[in-house]
Amino acid sequence: MVNANDNRYVEVQGLVKWFGNDRAVDDISFSIPRGKFLTLLGPSGCGKTTTLMSIAGLHTIDAGSIRVGGVVYTSKAEGLFLPPEKRDIGMVFQSYAIWPHMTVAQNVAYPLEIRKVARAEIDERVAAVLRLVGLADMADKLATQLSGGQQQRTALARAIVSKPRLLLFDEPLSNLDLKLREQMRVELKRIQHEVGITSIYVTHDQAEALVMSDEIIVMSKGRIQQKGGPHQIYARPVNAYVSNFIGVANLLKGRVVEVTAPGRGAVEIEEGGRSIRLPCRLADGIGPGADAVVSIRPENVRARRENGDGRALEGEVIQAIFLGNCVDCRVRWGEYEWKVLAHPRDRLREGEKVYLRLDPEHTLAVLP
Ligand SMILES: Nc1ncnc2c1ncn2[C@@H]1O[C@H](COP(=O)(O)OP(=O)(O)OP(=O)(O)O)[C@@H](O)[C@H]1O
Ligand SMILES: [Mg+2]
C-alpha cells in the first residue's frame, strides 16, 4: 500500500551527480504530484539525461535522495540504493529499443511475461494497450516492418503495459520528422493522461515542453532556473535566461527605480543618451535599486503610425516579414532592435517610422 502524499508523489531532494570534475547535476530538488506530466527542459549538456538516469537507478548519485510513491529509490544520507529492476519504471528513449525479431504484440507482452502474468490476461492487456496507442491492426507485424512513429508507439505501449509507478521519456520524438513529431506530442500527452501514470519527460525543444507538460523545469548547467506551468514559464519568467530560452523576448538592461505595489513598479533603461522610465511588473526577488533585465514578448509590443499621447517609443521598421497571420518585424530604436509581431492589418512597411507602445502588464523586470 502506497502512503505517499499525492502532491509529492515524486520527490527529488538535493540531487548531485559528479562526472570526474564536472558537476553534471548540481543540487536540484523538485516534486511531482501523482499522475502529472513534468518536463525537464534545457540545452544540450545541462543535466537532463543524468537526472533521469539517476531516477531510473542507472547512475549512482553523489548526494541527495529520490522517493517515488512512498518508496525510497535512493538516499545518500541513509545509504540506500534500490536496484533499477525494483524501481518499477517504464522508459521510452530516442532510439526505439524494440526487439526486431519479435512482433509488435510480443514486444509489448514482454514486460508482463517477465512478471509471470497469466497468458489470458497478457493477451487482454496487450490488446487494450495497442488500441490505446493506435496499433491494434499492427499486432502481428514484425517490429522492423514499422515506421519510426509506429516503432515509438510500440515502445510506449511496452513502457505502459505493466502500469509502472513512473514513466521516463528521454527525447522520444527527436528521431521523427517535424510533422509526425507535432502529431505525436498531442497523442503521447493524451495517452499519458488516459493511463494517468506520473511522467518525467526530457527535451530541449521548448515547443514540445509547452504543448505536453503540466509543469516544466527549465535547467541550465545542472541547476534549476525555474519550475512552473507552461503559461507561467512563458508569461512570468524569473530571469533573462528563462525568458530567452522559452520563446522570443526583447531584453533590455535596466534598473528598478520605483516599487508601487507588491510585484509592480518601474524600471529605467538608457538608450541613446536618454533615460526612459517603463512601468512594469517585477519578478520575485527584484527590489528597489536592483539591476534588472526588462523582458517583453514581441506579441506584446504594439506598433502604430501615430504617437497618440506622445509617450510611445519612436523607431523605424527595418524588416517586415509577412507570415500570413502576423508580420514579423524588426524596429530600430537607437542602438536597439525591437522584435515586434504586428497584425497584418497594420500593414507596416520597411523604412517606415513607427511608434512602439508597451503594456505595463506585459513588461517584466526579471533577474539578469
Ligand atoms: N557517462 C558520463 N561520463 C562523463 N560525463 C558525462 C556522462 N554523462 C553525462 N556526462 C556529462 O554530464 C553533463 C550533463 O550531461 P547530460 O547527458 O545529462 O545532458 P543532457 O541535458 O541530457 O544533454 P543532451 O540534450 O545533449 O542530451 C555533460 O557535461 C556531459 O558531458
Ligand atoms: Mg540527454
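The model shown is predicted, which means the values in this text are computed figures rather than measured ones.

## A closer look at the overall build of the protein chain
Right, on to step 1. Of regular secondary structure, the protein chain possesses eight helices and 21 strands.
Right, on to step 2. Taking the principal axes of its C-alpha atoms as reference, the protein chain extends roughly 75 × 50 × 35 Å.
Right, on to step 3. Sequence separation of 24 or more characterises 66% of the internal contacts of the protein chain that already satisfy a separation of 6 or more.
Right, on to step 4. Counting every atom, the protein chain has about 17800 Å² of accessible surface; 49% of that belongs to carbon and sulfur.
Right, on to step 5. The distance from the centre of the 48 positive side-chain charges to the centre of the 44 negative ones in the protein chain is 2 Å.

## Some thoughts on the site of ligand 1
Right, on to step 1. Residues in close proximity to ligand 1 include Phe19, Ala24, Pro43, Ser44, Gly45, Cys46, Gly47, Lys48, Thr49, Thr50 and Glu171, which together make up its full environment.
Right, on to step 2. With respect to ligand 1, the backbone of cysteine 46 contributes an N or O atom lying 3.2 Å from an oxygen atom.
Right, on to step 3. Threonine 49 places a polar side-chain atom, nitrogen or oxygen, 2.8 Å from an oxygen atom of ligand 1.
Right, on to step 4. In the complex, the protein chains occlude 58% of the 630 Å² of accessible area that ligand 1 would expose alone.
Right, on to step 5. With three residues, the top contributor of residues to the shell around ligand 1 is helix H1 (residues 48-56).

## Focus: the environment of alanine 128
Right, on to step 1. Its location among the elements puts alanine 128 in helix H3 (residues 119-132).
Right, on to step 2. Taking the C-alpha atoms as reference, alanine 128 lies 23 Å from arginine 34; in sequence the two are 94 residues apart.

## Overview of the environment of methionine 184
Right, on to step 1. Position of methionine 184 among the secondary structure elements: in helix H5 (residues 178-195).
Right, on to step 2. Taking C-alpha positions, methionine 184 is 18 Å from proline 230, a pair spaced 46 residues apart along the chain.
Right, on to step 3. Sequence-distant contacts of methionine 184, that is, excluding residues within four places in its chain, are made with Gly149, Gln152, Arg153, Leu173 and Leu176.

## Things to note about the sheet that holds strand S4 (residues 63-68)
Right, on to step 1. Spatially, the five strands line up as an open sheet ordered S2-S1-S4-S5-S6, and their pairing is antiparallel. Only two strands of the sheet have a single partner each, and these edge strands are strand S2 (22-32) and strand S6 (80-81).
Right, on to step 2. Bridge analysis of strand S1 (residues 10-19) against S4 gives five bridges, and the strand direction is antiparallel. Residue pairing across strands places glutamine 13 opposite serine 65, the latter belonging to S4.
Right, on to step 3. Here H1 sits on the sheet and contacts S1, S2, S4 and strand S5 (71-75); the angle it forms with S2, its principal contact strand, is near 65 degrees.

## Let's talk about the packing of aromatic side chains
Right, on to step 1. Counted according to the given criterion, the structure contains seven aromatic pairs.
Right, on to step 2. Arranged with centres 5.4 Å apart and planes meeting at 35 degrees, the rings of phenylalanine 37 and tyrosine 201 form a pair that is tilted. Of this pair, phenylalanine 37 sits in strand S3 (residues 37-41) while tyrosine 201 sits in strand S9 (residues 199-203), and the two are 164 residues apart along the sequence.
Right, on to step 3. A connected cluster of aromatic rings, assembled from ring pairs, spans Phe37, Phe169 and Tyr201.
Right, on to step 4. One Lys or Arg, arginine 87, reaches over the ring of phenylalanine 81 and ends 4.8 Å from the middle of that ring.
Right, on to step 5. Against the face of tryptophan 99 rests arginine 158, its NZ or CZ located 4.5 Å from the ring centre.

## Overview of the layout of surface pockets
Right, on to step 1. In this structure, the largest pocket encloses a volume near 590 Å³.
Right, on to step 2. Ile89, Gly90, Met91, Pro111 and Ile114 are, among the 24 residues lining the largest pocket, the residues nearest its centre.
Right, on to step 3. Those elements that place two or more of their residues in the lining of the largest pocket are strand S7 (89-93), helix H2 (104-114) and helix H4 (148-160).
Right, on to step 4. If you tally residues by element for the lining of the largest pocket, the top one is S7, at five residues.
Right, on to step 5. Considering only residue class, the lining of the largest pocket consists of 16 nonpolar, three polar and five charged.
Right, on to step 6. Its volume calculated, the second largest pocket comes out at about 390 Å³.
Right, on to step 7. What lines the second largest pocket is a set of 18 residues, among which Arg277, Leu278, Pro279, Arg311 and Ala312 lie closest to the centre.
Right, on to step 8. Secondary-structure elements contributing two or more residues to the lining of the second largest pocket are strand S14 (274-282), strand S17 (313-322) and strand S20 (353-358).

Rules used in this analysis
Residues numbered from 1 in each chain as written. Chains lettered and ligands numbered in written order. Predicted model: local features only at pLDDT ≥ 70, side-chain atom pairs only at ≥ 80, totals over all residues. Heavy atoms only, no water. Helix = DSSP H or I, 4+ residues; strand = E, 2+ residues; numbered from the N terminus. Contact = heavy atoms within 4.5 Å. Areas by Shrake-Rupley, 256 points an atom, 1.4 Å probe, with all protein chains shown as cover. Lys, Arg positive; Asp, Glu negative; His and termini not counted. Charge placed at Lys NZ, Arg CZ, Asp CG, Glu CD. Near = heavy atom within 4 Å. Polar contact = N/O pair within 3.5 Å; in protein donor to acceptor, adjacent residues only side chain to side chain. Pairing = 2+ DSSP bridges. Axes fitted to C-alpha atoms, helices over the stretch in contact; angles between N-to-C directions. Phe/Tyr/Trp six-rings, centres within 6.5 Å; stacked < 30°, edge-to-face > 60°. Lys NZ or Arg CZ within 6 Å of the ring centre and 35° of its normal. 1 Å grid on protein atoms, 1.4 Å probe; cavity = no way out; pocket = protein on both sides within 12 Å on 5 of 7 lines; lining within 4 Å. Points joined across faces, edges and corners; volume = space filled by probe spheres on them. Nonpolar A, V, L, I, M, F, W, Y, C, P; charged D, E, K, R; others polar.

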